[in-house]
Amino acid sequence: MSALAPLGIPIFRALWIAALISNIGSWMQTVGAQWFMVEHHAPPLLIALVQTATAAPVLLLGIPAGVLGEFLNRRTLLMWVQGFQVAISGTLVALTATGDMTPYLLLSLTLLLGAASAVQLPAYGALANEIVPRAYVPNAASLSSISVNLARAIGPAIAGLLISGLGVAFVFTLNVVSFAVFLIILVFWRQYRPEPHLSEPFLDASRAGMRYVANARVVRRIYVRLGLFVLPGSALYALLPLIATDRLRLGSIGYGVLLAGLGVGSIAAAFYIPKFRDAVGPNRAVLISSALFGAGTVGVALSPTIYLTIPILAVVGAAWIGAIATLNGAVQSFLPAWVRTRGLSIYQMVLFGATAVGAALSGSIAGWLGAVLTCLLAGIAVLIVAITQLLWPLLVTDDLRRSAVKLPLADDVVNAEIGDTTETLVSVRFDVADADRDRFLAQMALVELSRRRTGARSWALYDDREHPGILVEAFRVGSWQEHLNQHAERLTEYDDDVIRTACDIAKSFEVTHLLRTQTPRPVRPPRPGQTARS
């Protein structure tokens with residue numbers, strides 16, 4: 001299958017191009033903001049905080065954004081977000097053009113744009129999976145990731161070249177246009193029909209998403225690997241303006257040329273990364289890309305001339321996309337449909353959170369050690385992170401079946417008059433032969449992870465003292481509706497196999513559902529001299 005196959009679907013192609021244009025505008029705005037800070041002689045920390053202001057809102061809004069994107073109409077949500085971004089970026093243009101912009105006001109408006117982006121990213125990521133066939137999902141995920149990272153390279157390059165001739169305000173104006181293009185595509189796309197979802201209370205849905213990630217080893221490993229790479233890797237992007245001015249003695253045109261070098265590498269990688277990933281596998285793709293990025297960051301710090309720095313930055317741009325796109329594609333193809341948007345929101349929290357922390361940290365260290373030495377140390381840190389993957393690789397997921405499975409419940413249980421919000425305790429009584437006990441216990445370790453991923457808030461396995469050979473599994477879910485959701489949409493084929501294997505090992509099993517009773521609060525007797533309340 002061609003890596004570009006999803007682009008053959010008209011609506012995916014239109015949204016992908018619109019998102020690319022919008023992301024390019026966002027990165028142009030980021031570079032324009034950074035150069036505005038440079039022109040106004042802001043300290044290194046304030047310059048680095050431009051990236052932090054863009055990324056930090058994801059830490060605060062990531063989980064709520066995932067829940068909103070999961071249960072609201074994603075097209076409508078994206079339209080409101082794009083409209084908000086048009087308004088804020090228009091305000092930014094007006095203030096800059098009139099000379100009323102200040103560094104701190106610029107950071108505040110950048111923070112608002114970052115908040116809108118935090119709401120948009122998980123909804124858009126999950127939307128792509130709704131409009132392509134399942135077989136196209138990994139490549140669609142890679143294309144979406146490539147779009148973001150291409151914009152990260154192309155946008156700054158264009159901005160750097162335009163700032164010297166047309167000024168920062170013009171670059172900010174192009175950002176308004178980029179948001180408007182995406183909004184227009186969404187307005188005229190009226191064929192969208194959202195996937196049906198079982199309703200969940202907001203807080204319960206938020207907890208379910210976090211609970212899934214906490215108990216999904218594959219997803220957890222991807223997110224840790226992402227954070228370890230991005231935290232030191234973001235230093236290069238945050239400090240490149242200072243390296244351009246302080247070490248290479250360049251102006252805005254020279255800075256734009258450096259960013260163009262990043263763009264060339266990123267564009268080349270966009271076409272070859274899917275084939276490269278398929279040829280060497282996700283683990284080696286992330287390992288090689290991380291090592292190249294770390295080595296390139298060291299090279300940028302040590303390079304004495306722009307002519308050597310440009311080809312190094314091309315390698316760095318390709319390596320960044322190689323690592324990020326591979327990790328993004330891996331998590332999107334693994335997450336089940338019921339929690340995909342919430343899982344992606346946590347991915348974005350890790351990505352942007354590590355970017356925000358890395359940019360702020362590198363800016364602080366640069367104020368003490370200088371941008372060049374800080375960049376050198378960051379590159380060494382990325383190389384160390386790459387080496388750790390030899391000892392702690394990504395988990396293989398090729399044999400894990402991800403399609404949802406609906407498990408039946410007895411009609412009298414489903415149709416019982418039970419409050420949807422009633423806390424539920426499910427117990428499963430297994431009769432296990434002594435010869436099968438060890439095999440059963442090993443299988444139940446996998447069952448525990450499955451229960452917790454799909455909603456269990458607590459889980460335990462007990463021996464029945466009065467009946468040797470009887471083991472009782474007990475797990476608690478927040479509500480009866482959540483337990484019904486477990487049966488209706490949350491279990492994958494892999495979960496089904498895990499649970500059925502445990503049942504097959506046992507000689508027999510019996511399921512019981514217990515609902516928490518709301519006992520009345522005791523009434524305190526009146527104190528002496530106090531009249532009892534009616």
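Here, the structure is the one placed above.
Residues numbered from 1 in each chain as written. Predicted model: local features only at pLDDT ≥ 70, side-chain atom pairs only at ≥ 80, totals over all residues. Heavy atoms only, no water.

Chemist: In this structure, what is going on with unusual backbone geometry? I would like to understand it.
Modeler: Residues apart from glycine generally show negative phi values, whereas peptide bonds are mostly found in trans. Not every positive phi belongs to a glycine, and Arg-249 is a case in point at roughly 55°. Here Arg-249 shows up in the loop between helix 9 (217-247) and helix 10 (252-302). The class for Arg-249 is exposed, based on a relative accessible area of 67%. (Helix = DSSP H or I, 4+ residues; strand = E, 2+ residues; numbered from the N terminus. Buried < 20%, exposed > 50% of the residue type's maximum accessible area, 1.4 Å probe, protein only.)

Chemist: Any chance you could explain the side chain of Thr-309 here in plain terms?
Modeler: In this fold, Thr-309 is placed in helix 11 (residues 306-334). Looking at Thr-309, its side chain comes within polar contact range of the main-chain oxygen of Thr-305, at 2.8 Å. Each residue touching Thr-309, except ones within four places of it in the same chain, is listed here: Leu-248, Leu-258, Val-300 and Ser-303. (Polar contact = N/O pair within 3.5 Å; in protein donor to acceptor, adjacent residues only side chain to side chain. Contact = heavy atoms within 4.5 Å.)

Chemist: What is the right way to read the environment of Leu-461 from this model?
Modeler: By the element assignment, Leu-461 lies in strand 2 (residues 458-463). Note: C-alpha distance between Leu-461 and Val-472 (11 residues apart in sequence) is 5.6 Å. Here Leu-461 is in contact with Leu-441, Met-444, Leu-471, Val-472 and Glu-473, once residues within four sequence places are set aside.

Chemist: Would you mind showing me how to read the pattern of salt bridges here?
Modeler: Oppositely charged side chains can pair when the atoms bearing their charge come close. Per the stated rule, a full pass over the model turns up 13 salt bridges. Between Arg-437 and Asp-463 there is a salt bridge whose closest N-O contact spans 3.0 Å. Taken together, the positions of Arg-437 in helix 15 (residues 437-453) and Asp-463 in strand 2 put the pair 26 residues apart, joining distant regions of the chain. Here Arg-437 falls in the partly exposed class, since its relative accessible area comes to 30%. In this structure, Arg-490 engages Glu-482 in a salt bridge whose closest nitrogen and oxygen atoms are separated by 3.0 Å. (Salt bridge = Lys/Arg side-chain N within 4 Å of Asp/Glu carboxyl O.)

Chemist: Could you clarify how one ought to interpret the sheet that holds strand 4 (residues 508-515) in this entry?
Modeler: As a general point, the strands of a sheet are linked pairwise by backbone hydrogen bonds and lie either parallel or antiparallel. The strand order across the open sheet built from four strands is 2-3-1-4, with neighbouring strands paired in antiparallel fashion. Strand pairing shows two members of the sheet lacking a second neighbour, strand 2 and strand 4, which therefore form its edges. Each strand axis lies, on average, 15° off the axis of its neighbour in the sheet, ignoring direction. With six bridges connecting them, strand 2 and strand 3 (residues 470-477) associate as antiparallel partners. If you follow Ser-458 over to strand 3, its bridge partner there is Arg-476. (Pairing = 2+ DSSP bridges. Axes fitted to C-alpha atoms, helices over the stretch in contact; angles between N-to-C directions.)

Chemist: How do you make sense of helix 13 (residues 371-388) when you look at a structure like this?
Modeler: One turn of an α-helix holds 3.6 residues; hence residues three or four places apart share an orientation. In this model, helix 13 (18 residues) spans 26 Å end to end at C-alpha, consistent with the 26 Å of a helix rising 1.5 Å per residue. Of all the positions in helix 13, only Ala-371, Thr-374, Cys-375, Ala-378, Gly-379, Val-382, Val-385 and Ala-386 are classed as buried. Buried residues in helix 13, looked at end-on, bunch into an arc of 140°, giving them a common side. In helix 13, the exposed residues that point more than 90 degrees away from the buried face are Ile-384 and Ile-387. (Expected span 1.5 Å × (residues − 1). Arc of directions from axis to C-beta.)

Chemist: Would you take a moment to explain the side chain of Asn-23 for this structure?
Modeler: Mapped onto the elements of the fold, Asn-23 is located in helix 1 (residues 10-39). For Asn-23, a relative accessible area of 14% puts it in the buried group. Apart from residues lying up to four places away in sequence, Asn-23 is in contact with Ser-147, Val-148 and Ala-151.

Chemist: Just checking my understanding: could you explain helix 1 for this structure?
Modeler: With 30 residues, helix 1 ought to run about 44 Å at 1.5 Å a step, and its terminal C-alpha atoms sit 43 Å apart, in line with that. Summarising burial for helix 1: 21 of the 30 residues are buried, a large majority. Positive phi appears at His-41, one or two residues downstream of helix 1, with a value of about 55°.

Chemist: Would you mind showing me how to read a nonpolar patch on the surface here?
Modeler: A surface patch of nonpolar side chains, about 610 Å² in accessible area, is lined by Val-224, Leu-228, Ile-387, Leu-390, Leu-391 and Trp-392. Structurally, Ile-387 can be placed in helix 13. Using a relative accessible area of 54% as the deciding quantity, one classes Ile-387 as exposed. (Patch = residues over 30% accessible without salt bridge, like charges linked within 9 Å, V, L, I, M, F, W, Y side chains within 5 Å. Areas by Shrake-Rupley, 256 points an atom, 1.4 Å probe, with all protein chains shown as cover.)

Chemist: Teacher, can you tell me more about the packing of aromatic side chains here?
Modeler: The way to describe two aromatic rings as a pair is by their centre distance and the angle between their planes. Overall, the coordinates contain eight aromatic pairs when judged by the stated rule. When the ring of Phe-229 is compared with that of Phe-293, the centres are 5.4 Å apart and the planes differ by 65°; the resulting orientation is edge-to-face. One end of the pair, Phe-229, is in helix 9; the other, Phe-293, is in helix 10, with 64 residues separating them in the sequence. The buried category is assigned to Phe-293, whose relative accessible area is 0%. (Phe/Tyr/Trp six-rings, centres within 6.5 Å; stacked < 30°, edge-to-face > 60°.)

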